[in-house]
Amino acid sequence: LGETISFQEMGPVIINTDGTTRTIDNWDQMSKHEQEVAWKRISKRNEQRRKALLAQEQEQNAGEESNGNAGEGSNGSQQGQQGQQDTKS
């Protein structure tokens, strides 16, 4: 309890294109040179993927906001129609 874990011992955390993460299973078996090269490549790729995921999230949020306003009016009218049907029965 309370121990510190160094990420360098575990290797870099890789961000996949869908936003999930993983690590390199054989990190401890790689040479120092292989680790350095992999770390640099993964850092650059993670930054690109992170930016793409943030942009995708912003686009989705913008789409939901514009759809949310339109949806409120149609939901209200559907509820009104259901209320009218209930009174006719």
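Scroll up to find the structure.
Everything in this summary refers to the structure shown in the same document. (Residues numbered from 1 in each chain as written. Predicted model: local features only at pLDDT ≥ 70, side-chain atom pairs only at ≥ 80, totals over all residues. Heavy atoms only, no water.)

**Some details on the side chain of Gln35**
No. 1: You can see Gln35 is positioned in helix H2 (residues 32–88).
No. 2: Judged by its relative accessible area of 13%, Gln35 is buried.
No. 3: If sequence neighbours within four positions are ignored, Gln35 has contacts with Trp27, Asp28 and Met30. (Helix = DSSP H or I, 4+ residues; strand = E, 2+ residues; numbered from the N terminus. Buried < 20%, exposed > 50% of the residue type's maximum accessible area, 1.4 Å probe, protein only. Contact = heavy atoms within 4.5 Å.)

**What to know about the pattern of salt bridges**
No. 1: Counted by the stated rule, this structure contains 2 salt bridges.
No. 2: Where Glu47 meets Arg50, a salt bridge forms, and the shortest distance between an N and an O atom there is 2.9 Å. One end of the pair, Glu47, and the other, Arg50, are both in helix H2, 3 residues apart, so they sit about a helical turn from each other.
No. 3: Its relative accessible area of 37% is what places Arg50 among the partly exposed residues.
No. 4: Across the pair Glu47 and Lys51 runs a salt bridge whose closest N-O atoms are separated by 4.0 Å. Residue Glu47 and its partner Lys51 are both found in helix H2; the two are separated by 4 residues, about one turn of the helix.
No. 5: Given a relative accessible area of 32%, Glu47 falls into the partly exposed group. (Salt bridge = Lys/Arg side-chain N within 4 Å of Asp/Glu carboxyl O.)

**Quick notes on the nonpolar core**
No. 1: In terms of nonpolar packing, the biggest core is built from 6 residues, these being Ile14, Ile24, Trp27, Met30, Ala38 and Ile42.
No. 2: Every residue in contact with Trp27, bar those within four places of it in the chain, is listed here: Gln8, Glu9, Met10, Gly11, Pro12, Gln35, Ala38 and Trp39. (Core = buried A, V, L, I, M, F, W, Y, C linked by side-chain atoms within 4.5 Å.)

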